[in-house]
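Here is what each chain is made of, one letter per residue.
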Amino acid sequence: MEELARLYVVHLRSVQPNGPYHLLGWSFGGLLAHAIALHDAGEAVAFLCTVDGYPAEAFPEDPEPGTEPSEDEGLTALFDLLGGPPDAGVPTEPLGPEAFADAVGEQVPASGADRDLCTSLGRCFEQHVRLAHEHRPQRCTGDLFVVSAGHDGVWSRLPEAWHPYVDGTCTLARVPCGHQELFSPGWIDTTGTLVADALRTATHHTDRER
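On a predicted model such as this, the values are computed, not experimentally measured, just so you know.

A. Seen up close, the overall build of the protein chain. For the protein chain, the count of helices and strands is six helices and four strands. Walking the protein chain from its N terminus toward its C terminus, one meets helices and strands in the order α-β-α-β-α-α-α-β-β-α. Residue burial in the protein chain is summarised as follows: out of 210 residues, 36% are buried. When contacts within the protein chain are restricted to residue pairs at least 6 apart in sequence, long-range pairs at least 24 apart make up 73% of them. Surface summary for the protein chain: the accessible area is close to 11,700 Å², and the carbon and sulfur share equals 55%.

What follows is the structure in structure tokens.
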């Protein structure tokens, strides 16, 4: 995770050499945004937001390291995460790259997903699952804004997992939908408004401190 964060910092500074920076990540990207903020300790991070992404200890039921899913199981999990029509259902058997491509092609005809792309997606997903499971965040300076998918009670305990890793204020906002729906057409306005309001507040505070 640290290596990936350093790579992102290099790209970030190639676009904007100096802060203040505004960082947001969804799901695995939330962990990555937090790690990037640590690597940018010498620069001002005016806004840090994780959208339904949490440290590994928030999921004590997850398998131990070394028991990650196979490629087929990873593709099946990714297909489930991508969502689709309500009547599509979840595959009952692990999906190989070809079956995954066919399933994605049926749900998203314009995706253009071919076998090589689907294989790469599956491997990337597996890698992210492993990195998230093994990563132990360090304490970060500043505040954190957490957007949580509050579709059911399972997620209610997750935002608290961030408290040990932020020395500022940890603010929570909930969106009453599922994880994969946060940026869907039905919920993007809600999610976007919450983030925009929090960003506006953070920017206002940064301007006052200058």
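B. How the structure looks around the packing of aromatic side chains. On inspection of all chains with the given rule, the structure shows three aromatic pairs. Where W162 meets Y165, the ring centres are 6.5 Å apart and the plane angle is 85 degrees; that geometry is what we call edge-to-face. Classification of W162 as buried rests on a relative accessible area of 0%.

C. Geometry of the nonpolar core. Core analysis: the biggest nonpolar cluster contains 24 residues, and M1, L23, I36, L48, L144 and W162 have the highest contact counts within it. Secondary-structure elements contributing two or more residues to this core are α1 (2-15), β1 (21-26), α2 (28-39), α5 (115-134) and β3 (144-149). Looking at which element gives the most residues to this core, the answer is α2, with seven residues. Dropping the residues within four chain positions of it, L48 is found in contact with L23, A33, H34, A37, C140, D143, L144 and F145. Ranked by size, the runner-up nonpolar core spans 13 residues in total, among them C49, A173, L182 and V195.

D. Structural view of α2. Between the first and last C-alpha of α2 there are 17 Å, a value that for twelve residues agrees with the 16 Å anticipated at 1.5 Å per step. Judged by how many residues are buried, α2 sits mostly within the fold: nine of twelve residues are covered. Taken together, the buried positions of α2 are occupied by F28, G30, L31, L32, A33, H34, A35, I36 and A37.

E. Spotlight on the packing of α1 against α2. Where α1 contacts α2, the two axes come as close as 9 Å, and the packing angle between them is 70 degrees. Compared by their axis directions, α1 and α2 come out roughly perpendicular. Residues E2, L4, A5, R6, Y8, V9 and R13 of α1 pack against F28, L32, A35, I36 and H39 of α2.

Calculation notes
Here the residue numbering is sequential within each chain, running from 1 through the sequence in written order. With the structure being a predicted model, the display of local features is reserved for residues of pLDDT at least 70 and the display and counting of side-chain atom pairs for 80 or more, all residues being used for whole-chain, interface and lining totals. Note that water and hydrogens are dropped before the side-chain values are worked out from all heavy atoms of the structure. Numbering of helices and strands starts at the N terminus; helices are DSSP runs of H or I of at least 4 residues and strands are runs of E of at least 2. Working definition: with a 1.4 Å probe on protein chains only, accessible area under 20% of the residue-type maximum means buried, over 50% means exposed, and in between means partly exposed. Contacts were defined at the residue level, with two residues in contact if any of their heavy atoms lie within 4.5 Å. Surface accessibility follows the Shrake-Rupley procedure with a 1.4 Å probe radius. Residue values consider only the protein chains on display as shielding. Pairing of aromatic side chains requires ring centres within 6.5 Å, counting the rings of Phe and Tyr and the six-membered ring of Trp. Pairs whose planes differ by under 30 degrees are stacked, by over 60 edge-to-face, and all others tilted. By convention a nonpolar core is built from buried Ala, Val, Leu, Ile, Met, Phe, Trp, Tyr and Cys residues, the set being connected through side-chain atoms within 4.5 Å. Expected helix span is given by 1.5 Å per residue-to-residue step, counting one fewer step than there are residues. With axes taken as lines fitted to C-alpha atoms, and helix axes fitted only over the stretch in contact, angles between N-to-C directions fall between 0 and 180 degrees. Roughly parallel means an angle under 35 degrees; roughly antiparallel means over 145; roughly perpendicular covers 65 to 115; every other angle is labelled oblique.

Remember that the coordinates give geometry; whether it matters functionally is a separate question.
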